[in-house]
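A structural walkthrough
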Amino acid sequence: MSSGERPLSEVRFLTVAEVASVMRVSKMTVYRLVHSGELPAIRVGRSFRVPEQAVHDYLRDAYIEAG
């Protein structure tokens, strides 16, 4: 485990609906980000789970690029 990684037991995963709510976008937009690889996610059965930190990192990077 590298210095920036958290133990898996401490990682919080969000549903697509939760990510959409945090980002204030549609669920379809989240699915597009996941399928394009811009937002990392794992598949659990037929649904996706996104690490909460990945959402924060994506928003931070988008903010920096826009600024």
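This structure is a prediction, so every number in the text was calculated from the model and none was measured. (Residues numbered from 1 in each chain as written. Predicted model: local features only at pLDDT ≥ 70, side-chain atom pairs only at ≥ 80, totals over all residues. Heavy atoms only, no water.)

In this section: the packing of helix H1 (residues 16–23) against helix H2 (residues 27–36). The geometry of a pair of packed helices is captured by two quantities: the angle between their axes and the separation between those axes. Two elements in contact, H1 and H2, have axes whose closest approach is 8 Å; the angle formed by their N-to-C orientations is 105 degrees. Between H1 and H2, the angle falls in the class roughly perpendicular. Residues Val16, Ala17, Val19, Ala20 and Met23 of H1 lie in contact with H2, whose contacting residues are Lys27, Val30, Tyr31 and Leu33. The residue inventory of the contact of H1 with H2, partitioned by class, reads 8 nonpolar, no polar and 1 charged. (Axes fitted to C-alpha atoms, helices over the stretch in contact; angles between N-to-C directions. Helix = DSSP H or I, 4+ residues; strand = E, 2+ residues; numbered from the N terminus. Parallel < 35°, antiparallel > 145°, perpendicular 65-115°, else oblique. Contact = heavy atoms within 4.5 Å. Nonpolar A, V, L, I, M, F, W, Y, C, P; charged D, E, K, R; others polar.)

Mapped onto the fold, Phe48 is located in strand S3 (residues 47–51). Judged by its relative accessible area of 12%, Phe48 is buried. Aside from chain neighbours lying at most four places away, what touches Phe48 is Leu14, Thr15, Val16, Tyr31, Val34, His35, Ala41, Ile42 and Arg43. (Buried < 20%, exposed > 50% of the residue type's maximum accessible area, 1.4 Å probe, protein only.)

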